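Here are the chains, one letter per residue:
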Amino acid sequence: MKFTCSREALLKPLNVVVGVVERRQTLPILANVMLSLNEAELTLTGTDLEVELQGRILLDAAGESGEITVPARKLTDICKSLPEGSTLEISQDEEKLLLKSGRSRFTLTTLPASDFPSVNEDSEQSGFEITQNQLKRLIERTSFAMAQQDVRYYLNGMLFELSPGTLKLVATDGHRLALCEAGSVAGIQEEKQIILPRKGVIELSRLLQDEDGNIRLALGRNHLRADTASFRLISKLVDGKFPDYQRVLPKGGSQLLHADRETLRQALSRAAILSNEKYRGVRLSMDNDNLQIVASNPEQEEAEESIAVDYQGEPLEIGFNVGYVLDVLGVIEDNSVKVTLSDSNSSALIEESETSDSQYVIMPMRL
């Protein structure tokens with residue numbers, strides 16, 4: 001294998017592909033990235049056996065075709081350290097890879113490409129296209145609520161729910177739930193649910209770099225494949241049943257609170273400084289268009305904030321994990337936020353005051 005390319009052309013896909021390579025792995029070859037050259041098309045592939053990422057580059061001139069695997073992070077670090085605008089000359093010398101650039105020369109160890117594992121995807125059952133901008137927005141508005149290393153493994157990921165013309169993304173860790181919906185998605189003809197694991201969600205969001213471009217999602221029984229103009233991601237799916245989120249959405253809450261999003265966010269951020277570091281609890285008291293926020297900690301320190309709100313309902317006092325509320329206020333875009341409550345023991349529904357495609361549910365805390 002032998003080819004020449006610019007530093008920037010190689011570094012862009014390399015930065016994306018190296019994200020899937022685990023720092024600690026049981027198989028040495030999983031620390032490598034596979035370089036496959038077919039005339040003028042270079043493909044870079046990384047995998048952790050659960051998620052596989054491919055990046056494609058079209059070279060200015062055809063090289064000598066071949067394939068080999070090299071240490072992913074070392075190759076990335078070398079490319080990053082070279083000056084901008086550098087030209088890279090890469091060639092294979094028996095069991096080594098030579099990289100030359102100007103007066104710099106690097107020799108890297110390799111492993112045979114024939115030993116490189118691939119994620120064996122099943123046949124496509126349904127597929128559709130969506131703009132990268134739309135999908136990025138859906139993920140950004142929901143991914144913070146995914147669980148991390150929960151024993152309920154089906155929560156360590158995100159639900160993709162398809163229905164004709166509509167795509168919903170739902171995430172929950174058992175204490176909070178985030179839901180965002182995109183309508184008018186052409187190509188979705190049937191109802192289907194899949195759970196994409198946490199790492200698959202993170203790597204998918206990193207692919208969405210072209211706001212005007214489209215991404216095609218192909219859903220199989222055990223895999224999801226995502227294709228853009230330059231990248232392909234294949235991820236195994238979580239084999240489990242996602243909770244019925246419709247049962248979690250509060251129904252019939254009679255107490256309504258409307259507040260300025262930024263004013264509420266700043267007041268909660270200040271109060272959070274003196275909240276209990278472990279439980280992050282804050283007490284919210286609503287009465288006569290006034291919201292009082294109180295936080296305290298085991299050192300007997302206390303923070304108190306009062307802000308003007310539009311509150312319709314009986315006086316109410318309720319406790320929440322302040323981090324959960326701040327996460328929601330951080331992704332909402334509207335200037336005003338609407339909170340629907342029933343009583344101090346029931347979960348709260350947070351939405352944007354105007355027409356919203358997102359819903360957020362937060363369970364209360366006992367304080």
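In this report, we go over the structure that sits alongside the text. Nothing here was measured: the structure is a model prediction, and the numbers come from that model.

Some remarks on the layout of surface pockets
Each pocket or cavity is described by its volume, and for the largest pocket that value is around 240 Å³. In this structure, the largest pocket is lined by 14 residues; those nearest its centre are Gln 193, Ile 194, Ile 195, Val 238 and Gly 240. Considering every element that reaches the lining of the largest pocket, the biggest residue donor is strand S13 (residues 192-197), with four residues. For the lining of the largest pocket, the class distribution of residues is six nonpolar, four polar and four charged.

Some details on the sheet that holds strand S18 (residues 281-287)
The strand order across the open sheet formed by four strands is S20-S19-S18-S22, and the pairing between neighbours is antiparallel. Looking at strand neighbours, the two that pair on one side only are strand S20 (302-308) and strand S22 (316-321), the edges of this open sheet. In this sheet, neighbouring strand axes are inclined to one another by 20° on average, regardless of whether the strands run parallel or antiparallel. Relative to strand S19 (residues 290-296), S18 runs antiparallel, the two sharing five bridges. Residue Met 286 lies in a different strand from S19, and its bridge partner there is Leu 291. Together, S18 and S22 form the strand contacts of helix H6 (residues 322-331), whose direction differs from that of S22 by roughly 85°.

Observations regarding the packing of helix H5 (residues 261-272) against H6
Packed helices, taken two at a time, are described by the angle their axes make and the gap between the axes. It is the contact of H5 with H6, at a shortest axis distance of 10 Å, that shows an interaxial angle of 150°. Here H6 runs roughly antiparallel to H5, going by the angle between their axes. The interaxial crossing formed by H5 with H6 has left-handed handedness. Contacts between H5 and H6 pair Arg 261, Leu 264, Arg 265, Leu 268, Ser 269 and Ala 272 from the former with Val 322, Val 325, Leu 326 and Leu 329 from the latter. Considered class by class, the residues forming the contact of H5 with H6 number seven nonpolar, one polar and two charged.

Concerning the pattern of salt bridges
All told, the structure shown has 19 salt bridges when counted by the stated rule. Where Arg 137 meets Glu 333, a salt bridge forms, and the shortest distance between an N and an O atom there is 3.5 Å. Pair noted here: Arg 137 is in helix H3 (residues 132-142) and Glu 333 is in the loop between H6 and strand S23 (336-341), with a separation of 196 residues, a long-range link. Arg 137 sits in the partly exposed class, given a relative accessible area of 26%. For Asp 327, the salt bridge identified is with Arg 176, shortest N-O distance 2.6 Å. Taken together, the residues Asp 327 in helix H6 and Arg 176 in strand S12 (residues 176-182) connect sequence positions 151 residues apart. Counted as one network, the salt bridges with shared partners bring together Arg 137, Arg 141, Glu 333, Glu 352 and Asp 357.

Description of unusual backbone geometry
Here Leu 49, not a glycine, exhibits a phi torsion of approximately 80°, which is positive. Within the secondary structure, Leu 49 sits in the loop between strand S3 (41-47) and strand S4 (51-58).

A word on the pairing of S23
Where strand S17 (residues 255-260) lies against S23, six bridges are found, and the strand directions are antiparallel. Residue Leu 257 lies in a different strand from S23, and its bridge partner there is Val 339. Alignment of S23 against strand S24 (residues 348-352), held across four bridges, turns out to be antiparallel. Along S24, the bridge assignment pairs Val 339 with Ile 350. The turn linking S23 back onto S24 is made up of six residues.

Cut-offs applied
Residues numbered from 1 in each chain as written. Predicted model: local features only at pLDDT ≥ 70, side-chain atom pairs only at ≥ 80, totals over all residues. Heavy atoms only, no water. 1 Å grid on protein atoms, 1.4 Å probe; cavity = no way out; pocket = protein on both sides within 12 Å on 5 of 7 lines; lining within 4 Å. Points joined across faces, edges and corners; volume = space filled by probe spheres on them. Helix = DSSP H or I, 4+ residues; strand = E, 2+ residues; numbered from the N terminus. Nonpolar A, V, L, I, M, F, W, Y, C, P; charged D, E, K, R; others polar. Pairing = 2+ DSSP bridges. Axes fitted to C-alpha atoms, helices over the stretch in contact; angles between N-to-C directions. Contact = heavy atoms within 4.5 Å. Parallel < 35°, antiparallel > 145°, perpendicular 65-115°, else oblique. Left-handed = near helix turned anticlockwise from the far one by under 90°. Salt bridge = Lys/Arg side-chain N within 4 Å of Asp/Glu carboxyl O. Buried < 20%, exposed > 50% of the residue type's maximum accessible area, 1.4 Å probe, protein only.

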